[in-house]
Amino acid sequence: MIYVASYCRVSTDQEDQHNSFASQQRYFQDYIQHHPDWELYAVYADEGITGTSTKKRAQFNRMIEDAHAGKFQLILTKEVSRFSRNILDTITYTRELKTLGVGVRFLLDGICTLDSDAELYLSIMASMAQEESRKTSSRVTWGQTRQMEKGVVFGHSLLGYTVQNGVLTVEPSGAELVRRIFELYALEKISTVEIARLLTREGHRTHNGRGKWTANGVLKILKNEKYMGDLVQKKTYTPDYLTHEKRRNAGEIPLIRIENHHTPIIDRTLWDMAQAQMAKNRKQPGSGGQSNRYIFSGKIHCGQCGGIFVGRFRYAKDGTKTRRWCCNTAARDGASTCSVGKLVRDDDAMHMLRTALMQLSMDRDAIVAHVTTLAMEVIRANGWELTEAPEQVEAEMAQIQRKKEAAMDACFSGQITMEDLQAMQQRYTQQLQQLGQRHAKARQLQAAGQDLEQRKMEIAAQLQSILYLETESDVFCKSILERLTVWKDRHMELRLQHLPQVFCFME
């Protein structure tokens, strides 16, 4: 017996809520009755239709918890948009559920995450969603950068300064403590460890209100250029516009530096002395890890030592360069540590991935049609649906105009008074103004609709190109490739995400 759960959203209207829940419950019960080996475990229903945050959806979160507890094996929901706030969240949750052995079936979309091609559907939709997120993130970042260049402070208050409405203002008691820390370190040569112990013994509080100071906390104060009046922003950046995870900026993007931006707490001489003192004991930072900006970064593994293959460029005499991948162990420690040490050309690896994908049995044209339809539904849901034709509004405007003329004729013939005519003309004029606004919007949406048809064809062509691998999509290839293993006997094994097949290649 397979226990089945269902998830839906119900109306926030109190009168409709019970009816909506009962209706959807009957819908799922009727569907389950067609499967004798299924049994309904529970119907999870949240209020509202937007689902902008899973934190506010108690029933959704309870369903995920029950899935972890193994209370059911399958989830039914009407469509992808009902399951989560966007397709990227849908992918995250369906992958999590799949690792638990729980499938999700989107009834109206015809997708079941237990099917072999479901991941492909979701990966393609993720590619398009990521592109839209990238554009939005780019616009926001551009706006923030322009504000930073004008001197607007982005960030929180700190010891010695308050930040309000983008302006730094000195806070006297905190500023006094900051000056003392710099003097103890730069003039009296007291270590950060000893300064932290001293401040803790004296009962001083950190900016966060903690009673215990740390050497690292003192060091951060000594490194903060704001205390000498300079402003440096973009010390961190967000490489992934989907997770919004911040990373320290190590030269990946330009810093925005403004000297003498605000009132300093210490002078530059004291600042320079503190930096010189730190330089004596500063260790050189280690080199970073392998970049993840290429399709095969972190994806090629050594079958002998288990190491990750790293990318290297080979330059030809004509100046062209070719990316090759080799075992990191052999490259770092020498061929004696790992006998594979094989160089894999980037284009050869792409050829293997392309060959594996073309061997998959799937209706590519049906996938293109289905995903294009989903994409257009999202676009139209954002207000680009033509609700009335401009010609329809024009007909209403002509009718009102005829009424205005008839009212004038009635006044001239003595059927109505001048006061009646003025009242009627005023009412007709207001109606014409409203119709004029509706007509302008209808024209705009009609033009947008023509653009939508063009956009639809572009999306379909893009999907067609990706699925038939006529165009390389980094997002698509990274999401679909699990790993490529290179063995000593010169054969290679390629695996795709969530698929059991192993594709073997010989050099």
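All values derive from a computational prediction rather than experimental measurement. (Residues numbered from 1 in each chain as written. Predicted model: local features only at pLDDT ≥ 70, side-chain atom pairs only at ≥ 80, totals over all residues. Heavy atoms only, no water.)

K.L.:
Describe the pattern of salt bridges, and please don't skip the residues or the numbers.
P.N.:
Summed over all chains, the structure comprises nine salt bridges. The salt bridge involving D66 is made with R62; its shortest N-O contact spans 3.7 Å. Of this pair, D66 and R62 both sit in helix 2 (residues 58-68), four residues apart, which is roughly one turn of that helix. Among the residues examined, D66 registers a relative accessible area of 8% and is labelled buried. We classify R62 as partly exposed; its relative accessible area is 38%. Notably, a salt bridge pairs R180 with E202, separated by 2.5 Å at the nearest N-O pair. One end of the pair, R180, is in helix 6 (residues 172-186); the other, E202, is in the loop between helix 7 (192-201) and helix 8 (215-223), and 22 residues separate them in sequence. (Salt bridge = Lys/Arg side-chain N within 4 Å of Asp/Glu carboxyl O. Helix = DSSP H or I, 4+ residues; strand = E, 2+ residues; numbered from the N terminus. Buried < 20%, exposed > 50% of the residue type's maximum accessible area, 1.4 Å probe, protein only.)

K.L.:
Hey, could you go over the sheet that holds strand 13 (residues 309-315) for me, with residue numbers and the actual values?
P.N.:
Sheet strands line up and pair through hydrogen bonds in the backbone, either parallel or antiparallel. As summarised here, the arrangement of the three strands in space is 13-14-15, forming an open sheet in which the pairing is antiparallel. Of all strands in the sheet, those bounded by a partner on one side alone are strand 13 and strand 15 (344-345). Direction of pairing for strand 13 relative to strand 14 (residues 321-327): antiparallel, over a ladder of seven bridges. Opposite G311, over in strand 14, you have W325 as the bridge partner. (Pairing = 2+ DSSP bridges.)

K.L.:
Tell me what's going on with the pairing of strand 16 (residues 481-486), and back it up with residues and numbers.
P.N.:
Pairing between strand 12 (residues 300-302) and strand 16: three bridges, direction parallel. In the strand pairing of strand 16, C302 is matched with V486. Examined bridge by bridge, strand 16 and strand 17 (residues 491-496) share five bridges and lie antiparallel to one another. Residue pairing across strands places V486 opposite M492, the latter belonging to strand 17. Connecting strand 16 to the next strand, strand 17, in antiparallel fashion are four residues, including R490 with a positive phi near 75°.

K.L.:
Can you tell me about the confidence of the model for the protein chain, naming the residues and giving the values?
P.N.:
Of all residues in the protein chain, 81% attain a pLDDT of 70 or more, and the chain-wide mean is 80. Ranking the elements of the protein chain by mean pLDDT puts helix 3 (residues 80-83) last, at 68, and strand 7 (residues 167-170) first, at 94. Low confidence marks residues 49-53, where pLDDT is under 50. Its contacts with residues over four positions away, or in another chain, come to eight contacts. Below a pLDDT of 50 lies the segment residues 283-292, which in the model reaches seven contacts outside its immediate sequence neighbourhood of four places, other chains included. (pLDDT = per-residue confidence, 0-100. Contact = heavy atoms within 4.5 Å.)

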